[in-house]
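# Observations on chain architecture
Listed below, chain by chain, are the residues.
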Amino acid sequence: MQLPGFVDRYFKKREGLQKYEESIASFLSDSEISVEESDKLAEIQKEFGLSVDDVKGIHKSSVAKTFTSMGSDKRITEEEKKSLEKLLQHFDLSKTDIAFNQDSFNKYYILGLIDKGILPTIDNAKEQVNIVLKEGEVFHWAIVATLLKRKKVTTRINYGGLTGSVRIMKGVSYRVGSIGVQSVSKEIMDREDAGIFYVTNQRIGYLGYRKQFSFPFKKIGSLELRPDGLHIFKDGKEAPYILELKDYEVALASISFLLNKE
């Protein structure tokens, strides 16, 4: 029995989409698409009568998977960056088509460069950090930060044994028992200020609404990343500066790179 034409076209199209998707997945295993591979995709599209709209979704999901694969090691190399740009151009896609995250891309790309001994500069950092740069000074990283401070708070707790009252006469009673008061102190992290933490080739610093600090690398006693934030110990200062950052990895990698150069 011969199937109606529209049913036959439906199954043919479904077969074509599956073959197209499997082929593009295989071709993009190296994060690139060659002229020969592009021609083969065009042949499949023509053979099964697939329209531009039919394959657009496959292009989006396939390039998105490729981008995710590139960042799986939390590093994006210059070669991977160029490959992604070529794929977007080849398939006429925008970054929004592939769920592109600019923050993650910047982070992984910079970490990839640092791994290769290259610490990039940020040309537009002065738009975020309004400080006067010294001669030969350039920005390497800037990120939103919260300045924290340890604070001791005291809580009063009422406690006591059994209490009651004894009626002496109408409208008059006498309370018996005891009630005590105990004070309990504990230390908390208090948000003291909000601003920007930055790293230049000469110093690290914080610029907030009410507070600010900066000092050269040689003044860094130690850096410790703890569960409650980044603790920066400056030589000659007993209490550390404590910062909560949106992300710590690039800042610490940049500082480590610069410290090892000195």
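Structure first, text after, so check above.
Summary of the structure given here. (Residues numbered from 1 in each chain as written. Predicted model: local features only at pLDDT ≥ 70, side-chain atom pairs only at ≥ 80, totals over all residues. Heavy atoms only, no water.)

Tallying each qualifying case throughout the model produces 13 salt bridges. Of the charged contacts in the structure, one is a salt bridge between Asp97 and Lys60, with a shortest N-O distance of 3.8 Å. Remark: Lys60 occurs in helix H3 (residues 52–70) and Asp97 occurs in the loop between helix H4 (78–90) and helix H5 (102–115); sequence separation between them is 37 residues. With relative accessibility at 30%, the residue Lys60 sits in the partly exposed group. Residues Glu249 and Lys107 are paired through a salt bridge, measuring 3.3 Å at the closest nitrogen-oxygen approach. With Glu249 in helix H6 (residues 249–261) and Lys107 in helix H5, this pair connects stretches of sequence that are 142 residues apart. Its relative accessible area of 30% is what places Glu249 among the partly exposed residues. Three or more residues are tied together by salt bridges with common partners; here these are Arg75, Lys107, Asp115, Asp247 and Glu249. (Salt bridge = Lys/Arg side-chain N within 4 Å of Asp/Glu carboxyl O. Helix = DSSP H or I, 4+ residues; strand = E, 2+ residues; numbered from the N terminus. Buried < 20%, exposed > 50% of the residue type's maximum accessible area, 1.4 Å probe, protein only.)

Over the atoms, a rolling probe the size of a water molecule traces out where space has been left empty. Roughly 600 Å³ of volume is contained in the largest pocket. Every residue lining the largest pocket is counted, 20 residues in all, and those nearest its centre are Asp103, Asn106, Lys107, Trp141 and Ala142. Only H5 and strand S1 (139–160) provide two or more residues apiece to the lining of the largest pocket. Sorting elements by how many residues they give to the lining of the largest pocket places H5 first, with seven residues. Within the lining of the largest pocket, the residues separate by chemical class into 10 nonpolar, six polar and four charged. (1 Å grid on protein atoms, 1.4 Å probe; cavity = no way out; pocket = protein on both sides within 12 Å on 5 of 7 lines; lining within 4 Å. Points joined across faces, edges and corners; volume = space filled by probe spheres on them. Nonpolar A, V, L, I, M, F, W, Y, C, P; charged D, E, K, R; others polar.)

What follows is about the side chain of His140. Here His140 shows up in strand S1. On the basis of relative accessible area, His140 is assigned to the buried category, the value being 8%. Within the structure, His140 has its side chain in polar contact with the backbone oxygen of Pro120 (distance 2.9 Å). Those residues in contact with His140, other than ones at most four positions away along the chain, are Leu119, Pro120, Thr121, Ile122, Val199, Thr200, Asn201 and Leu258. (Polar contact = N/O pair within 3.5 Å; in protein donor to acceptor, adjacent residues only side chain to side chain. Contact = heavy atoms within 4.5 Å.)

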